Amino acid sequence: MWISSAPLRVSLAGGGTDVPSYADRFGGVVLGTTIDLRVTVVGRPARTHGHIRACLDSCSSTAAGDVANPFAREALRRHWGGNPLELASFADVPGGTGLGSSSAFTVALVAGLTAGQLDPAAAAKAASVIETEGLGRPVGRQDQYLSALGGFHLLHFSHRGVVEAEKVPVDEEFVRRLDDELLLFFTGRTRDSGEVLGEQNARVGQSDRAAERRLHEIKALTWPALDALKNNDTTALGKVLGRHWDLKRQLGAQVSLPSVDRAYADAIRAGASGGKLLGAGGGGFLLLHAKAGVQEEVRAAVTTHGLTEQPFHFDGRGVHVAAVDPAGPPREPVPTAT
């Protein structure tokens with residue numbers, strides 16, 4: 001039996017420029033990192049049947065090509081050896097919430113199916129191919145690489161799917177400050193990132209100058225965000241998040257929601273320096289920066305709109321696979337009372 005897990009990610013700047021419609025023409029850059037919320041996949045040889053039993057979105061016994069979860073179906077088609085298999089997965093947050101859970105699931109599943117033989121970059125590339133080529137989703141490649149590699153990275157995306165990952169050293173004390181000052185709130189809404197990104201993809205594909213200009217500006221924000229990390233400046237990072245969100249909301253009608261806009265505006269009035277919806281937008285999680293002195297006011301302002309806070313910490317661990325013997329070593333019998 002194997003247990004594989006991969007972390008969820010937080011994109012700090014540059015999100016959207018990794019989407020192929022933009023990156024293949026202009027080159028994309030994303031600054032992001034991983035957190036202690038994860039997706040876990042468990043696989044073990046099946047003993048009672050000769051096919052796949054998958055407990056993912058729901059439980060079913062079927063051939064690999066009939067597995068309902070599309071990410072699992074494509075991963076099995078490409079990486080399953082054919083032996084009877086049982087699969088189950090668990091996640092710390094719902095899917096479709098902007099933290100890259102689908103990509104983390106795909107990275108973890110690929111790593112498990114290949115018995116951990118792929119290095120993290122190779123696992124990320126395999127997961128990216130599954131999503132963009134196998135499933136034809138109009139999504140970027142930051143999620144797979146951040147999840148597989150773990151920690152703070154500056155990712156460069158060029159044409160033909162080439163990705164270069166640059167590890168960003170960040171002072172440990174500064175990371176602890178970020179842990180304290182960045183707040184995460186669930187909007188209660190889930191969505192398909194591919195659908196939300198569809199309008200951006202179409203506009204860039206049609207050479208919409210306004211959309212291209214906003215993505216150029218979003219890409220340029222990776223440099224002040226990187227400077228904020230290097231200079232241990234949490235407020236500067238919060239302002240970058242806010243500017244990113246201002247630009248991102250102009251990329252498509254589905255990126256934001258009136259309820260989120262109202263919550264965000266009240267958070268800024270309460271003292272937050274900035275923030276943004278994570279991932280493609282359209283729901284999911286709202287990330288805000290607030291200094292200690294105004295956090296209670298910010299929390300109150302946001303939760304009034306029905307959002308719930310999700311505790312988290314930054315965590316540099318990437319994808320991990322462990323082989324486990326379910327039986328374990330022989331144990332001494334437990335004494336019984338007489």
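Everything here concerns the structure above.
So, here is what we can say about the structure in this document. (Residues numbered from 1 in each chain as written. Predicted model: local features only at pLDDT ≥ 70, side-chain atom pairs only at ≥ 80, totals over all residues. Heavy atoms only, no water.)

**Notes on the layout of surface pockets**
Thinking step 1. In this model, the second largest pocket occupies a volume close to 290 Å³.
Thinking step 2. Forming the boundary of the second largest pocket are 15 residues, of which D57, N69, G95, S102 and F105 lie nearest the centre.
Thinking step 3. Secondary-structure elements contributing two or more residues to the lining of the second largest pocket are α2 (70-79), β5 (85-91) and α3 (101-113). (1 Å grid on protein atoms, 1.4 Å probe; cavity = no way out; pocket = protein on both sides within 12 Å on 5 of 7 lines; lining within 4 Å. Points joined across faces, edges and corners; volume = space filled by probe spheres on them. Helix = DSSP H or I, 4+ residues; strand = E, 2+ residues; numbered from the N terminus.)

**Some details on the environment of S89**
Thinking step 1. Inspection of the secondary structure puts S89 in strand β5.
Thinking step 2. Aside from chain neighbours lying at most four places away, what touches S89 is T40, V41, C55, L56 and F105. (Contact = heavy atoms within 4.5 Å.)

**Digging into the nonpolar core**
Thinking step 1. Counting 75 residues, the largest nonpolar core has L109, F152 and L229 as its most contacted members.
Thinking step 2. Per-element accounting of this core gives the leading share, 8 residues, to α3.
Thinking step 3. Beyond its immediate stretch of four places on either side in the chain, L229 contacts L12, L31, F152, V168, V170, F174, L178 and L237.
Thinking step 4. Of all hydrophobic cores here, the second largest spans 19 residues; its members include Y264, A272, L277 and L288. (Core = buried A, V, L, I, M, F, W, Y, C linked by side-chain atoms within 4.5 Å. Buried < 20%, exposed > 50% of the residue type's maximum accessible area, 1.4 Å probe, protein only.)

**A closer look at the packing of helix α8 (residues 209-220) against helix α9 (residues 222-230)**
For any two helices packed against each other, one specifies the inter-axial angle together with the distance between the axes.
Thinking step 1. Packing of α8 against α9 brings their axes to within 4 Å, and their N-to-C directions diverge by 15°. Taken as axis vectors, α8 and α9 run roughly parallel relative to one another. Residue-level inspection shows I218, K219 and A220 of α8 in contact with α9, the latter providing T222, W223 and P224.
Thinking step 2. Class assignment for the residues of the contact of α8 with α9 results in 4 nonpolar, 1 polar and 1 charged. (Axes fitted to C-alpha atoms, helices over the stretch in contact; angles between N-to-C directions. Parallel < 35°, antiparallel > 145°, perpendicular 65-115°, else oblique. Nonpolar A, V, L, I, M, F, W, Y, C, P; charged D, E, K, R; others polar.)

**Some remarks on the pattern of salt bridges**
Thinking step 1. As enumerated under the stated definition, the model contains 15 salt bridges in all.
Thinking step 2. Among the salt bridges present, the one from R25 reaches E212, with a minimum N-O distance of 3.0 Å. Linking R25 in helix α1 (residues 20-26) with E212 in helix α8, this pair joins segments that are 187 residues apart in sequence.
Thinking step 3. R25 gets classed as partly exposed once you look at its relative accessible area, which sits at 43%.
Thinking step 4. By relative accessible area, which is 7% here, E212 ends up buried.
Thinking step 5. Taking the shortest distance from any N to any O, the salt bridge between E181 and K291 comes out at 3.8 Å. Placement of the pair is E181 in helix α6 (residues 172-181) and K291 in the loop between β10 (285-289) and α12 (295-303), with a sequence separation of 110 residues.
Thinking step 6. For E181, a relative accessible area of 10% corresponds to the buried category. (Salt bridge = Lys/Arg side-chain N within 4 Å of Asp/Glu carboxyl O.)

**Some thoughts on α2**
Along an α-helix, residues three or four apart share an orientation, since each turn contains 3.6 residues.
Thinking step 1. Within α2, the full set of buried residues consists of F71, A72, E74, A75 and L76.
Thinking step 2. Buried positions along α2 lie against β3 (52-55), β5, α3 and α4 (120-134).
Thinking step 3. Backbone nitrogen of F71 and a side-chain oxygen of the N-cap are separated by 3.0 Å at the start of α2; the cap is N69. (Polar contact = N/O pair within 3.5 Å; in protein donor to acceptor, adjacent residues only side chain to side chain.)

**What about α4?**
Thinking step 1. Helix length check: α4 (15 residues) gives 20 Å between terminal C-alpha atoms against 21 Å at 1.5 Å per residue, within 8%.
Thinking step 2. Looking only at α4, the buried set comprises A123, A124, A126, A127, S128, V129, I130 and E131.
Thinking step 3. Lining the buried residues of α4 we find α2, α3 and α5 (142-149).
Thinking step 4. N-capping of α4 is provided by D119, with a side-chain oxygen placed 3.1 Å from the backbone N of A121.
Thinking step 5. One or two positions beyond α4, positive phi appears at G136, with a value near 65°. (Expected span 1.5 Å × (residues − 1).)

**Some points on the sheet that holds strand β11 (residues 308-309)**
Thinking step 1. Spatially, the 4 strands line up as an open sheet ordered β9-β10-β8-β11, and their pairing is antiparallel. With one partner strand each, in any of the chains shown, β9 (274-277) and β11 form the two edges of the open sheet.
Thinking step 2. Pairing of β9 with β10 involves 4 bridges; the strand directions are antiparallel. Each bridged residue has a counterpart across the sheet, and for K276 the counterpart in β10 is L287.
Thinking step 3. Helix α11 (residues 258-269) rests against β9 and β10 of the sheet, and its axis sits at about 165° to β9. (Pairing = 2+ DSSP bridges.)

**Comments concerning the pairing of strand β7 (residues 163-167)**
Thinking step 1. Here 5 bridges tie strand β6 (residues 153-157) to β7, and the two strands are oriented antiparallel to one another. Its bridge partner lying in β7, H153 is registered against K167.
Thinking step 2. Where β6 folds back onto β7 in an antiparallel hairpin, the turn is made up of 5 residues, including R160, whose phi is positive at roughly 60°.

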